[in-house]
Amino acid sequence: MGHQTSKNYLDLQRRLDRSPQGAPSSETLFKILEILFTPEEAELVSFLPINLFTAKKAAKIWKKKEVEAKAILDTLADKGLFLDIQNGKEQNYILAPTMAGFFEFSIMRTDGRFDRKVLSELYYQYINIEDRFVKEVLAIDPSIARTFVQEDALSEKAKTEILDYEKATEVINTASCITVGTCYCRHKMEHMGKACQMPQDVCLTFNTAAESLSKHGVAKKITKEEAKAILDKCVKLGLVQLGDNIKNKVAWICNCCGCCCEAILAYKKLGTRPAINSNYFPQISSDKCIGCGMCARRCPVEAIKINHKKPEIDIAHCIGCGVCTRFCPTKAMEMVRRSDTRFVPNNSFERFVLGAIENGKLQNLIFDNYSLWTYELLRRMLKVILELSPIKRRLADQQLCSRYVSHLTAVYAKLKAGDKKV
């Protein structure tokens, strides 16, 4: 007999799946949610907006006193399921995404709040065995992650070309708060008997996300010097720096291996989609290369093959991390800049909106009060309009006589066509 799921958790899953990233339905997912959320929490969270909101707004949606709503939200933040963000004098809350979000946070914490072994087994089943999460969530464009090229692998000329947002050191230097926590990927694999020997306490978070995780004991607050020391250690070990795919206020950087890292495993499984590469790739000097194969062994995405004792690089598959260049014993490899600079969203909101458009969920962001039946009608109406052919969309614009809808559908059409500069 299959797993019996209560309506509370069915509603919660639907709420999670409305977000741009999504959370595909699965018996395994329901088992995860039942561990993380109480039945009452599941019911309440299913009505909350996707965007930032206050305790006052939650109280109105839940028909509770503000002090009661705040207590519930603080409990959810304390569990690492929500982020609480101070905006001046106002406290805002937001449900963390599944990944990078509360999946990781539940494993990062070491206080015994959750059974990490049971969760690890369920996460492995949901993400590594079942296909839908990888295909529908980790394949979202723009990607949730991007590669930070290892700066000391660059030549002096290349160092003059690198942009600030491409540097992991710049993320550290400009962060308002930094925390370190347990690597979700390797710790999960440890419980599955598949982990490598790389260190686990190397997961870095920054800025408002770090402040929330530090406040609730999910991760440990550290100095910029300590963060740089962790980064330096991981670079020397040959780990790859994958981080938040935005330019400003980066929330996280993970130090990843090719055998455990969720993003890299998904990248290899999906065949380079979505793009997570940096703006660099390695070139080889045939005069210096001795055909030792070190670059191929070190490549985390298997983009280098040895053919007749000479390395061949699949540039389309290469993520531009710089690991191969750092470990080349004869310095026969050099990182050079790609001709086309990869698009990176300015901030998390821009990436959020672009992801919503890609997944056909823009209407969920605009009308995100799930306690109002009128918003459900508006979501359905806007979804239909956005999916119309250009001719029928113009007819709808004329009948609605709405400058807002006309502008929105025009922008949507351009973004859907790949124009990210609108």
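A short tour of the structure in this document, coming up. Counting restarts for each chain, with residues numbered from 1 along the sequence as it is written. In keeping with the model being predicted, local features are shown solely for residues with a pLDDT of at least 70 and side-chain atom pairs are shown and tallied solely at 80 or more, while totals for entire chains, interfaces and linings include all residues. Working from all heavy atoms in the structure, the side-chain values ignore hydrogens and water.

1. Some remarks on the environment of S26
What counts is decided by this rule: Only DSSP runs of H or I covering at least 4 residues are called helices, and only runs of E covering at least 2 are called strands; the numbering of each starts at the N terminus. Between two residues, a contact is recorded if the distance between any of their heavy atoms is within 4.5 Å. Definition of a polar contact: a pair of N or O atoms within 3.5 Å, with one able to donate and the other able to accept a hydrogen when the atoms are protein atoms, and with sequence-neighbouring residues admitted only if both atoms are side-chain atoms.
Among the structural elements, S26 can be located in the loop between α1 (7–18) and α2 (27–36). Separated by 104 residues in the primary sequence, S26 and E130 have C-alpha atoms spaced 8.9 Å apart. Non-local contacts of S26, meaning those with residues more than four positions away in its chain, are made with Y126 and E130. A polar contact of 2.8 Å, which involves the side chain of S26, links it to the side chain of E130.

2. Description of the nonpolar core
Taken as a class, soluble globular proteins show a tendency for nonpolar side chains to be buried jointly. Worth spelling out the cut-off: We call a set of buried Ala, Val, Leu, Ile, Met, Phe, Trp, Tyr and Cys residues a nonpolar core when their side-chain atoms join them within 4.5 Å. A simple rule labels every residue: compare its accessible area, found with a 1.4 Å probe on the protein chains alone, to the largest value its type can have, and call it buried under 20%, exposed over 50%, or partly exposed in between.
Counting residues in hydrophobic clusters, the biggest one holds 61 residues, and the most contacted among them are L36, F37, W62, L73, F82, F102 and F103. Per-element tally for this core: the top contributor is helix α6 (residues 98–108), with 6 residues. In contact with F102, other than residues within four places in its own chain, are L16, L33, L36, F37, G80, L81, L95, A96, P97 and Y123.

3. Examining the packing of aromatic side chains
What counts is decided by this rule: Think of it this way: a Phe, Tyr or Trp ring, Trp meaning its six-membered ring, pairs with another when their centres are within 6.5 Å, and the plane angle makes it stacked under 30 degrees, edge-to-face over 60, tilted otherwise. Placement of a charge over a ring requires the Lys NZ or Arg CZ to be within 6 Å of the ring centre, with the centre-to-atom vector within 35 degrees of the ring normal.
Throughout the structure, instances matching the rule amount to 9 aromatic pairs. Considering the side-chain rings of Y126 and F133, the 5.3 Å spacing of their centres and the 50 degrees angle between planes classify their relative orientation as tilted. The same class applies to Y126 as to F133, namely buried. R298 extends its terminal NZ or CZ atom over the ring of F327, reaching a point 3.8 Å from the ring centre.

4. With respect to the side chain of T98
Counting through the fold element by element, T98 comes out in helix α6. Within polar-contact distance, the side chain of T98 engages the side chain of Q21 at 2.8 Å. With residues up to four places along the chain from it excluded, the contact list for T98 reads Q21, G22, A23, F103, E104 and F133.

5. A few points about the pairing of strand β8 (residues 240–244)
The condition that has to hold: At least two bridges found by DSSP between two strands are what make those strands a pair.
Counting buried positions along β8 yields 5 of 5 residues, so the element is predominantly enclosed. Looking at chain direction, strand β4 (residues 145–148) and β8 are connected through 4 bridges and run antiparallel. Each bridged residue has a counterpart across the sheet, and for R146 the counterpart in β8 is G243. As paired elements, β8 and strand β9 (residues 252–256) share 4 bridges and run antiparallel to each other. Counterpart to L242 in the pairing with β9 is C254.

6. Some thoughts on the sheet that holds β4
Here is the rule we go by: Here, axes are lines fitted to C-alpha atoms. For helices the fit covers the stretch in contact, and angles between N-to-C directions go from 0 to 180 degrees.
In spatial order, the strands read β4-β8-β9-β6-β5-β7; together these 6 strands make up an open sheet with antiparallel pairing. The open sheet is flanked by β4 and β7 (220–221), the only strands paired with a single partner. Two strands pair when backbone bridges link them, and strand β5 (residues 178–181) and β7 are joined in this way by 2 bridges, in the antiparallel orientation. Paired with T179 across the strands is K221, a residue of β7. Contacts between helix α12 (residues 207–215) and the sheet are confined to β5, β6 (203–206) and β7, with β6 contributing the most and set at about 110 degrees to the helix.

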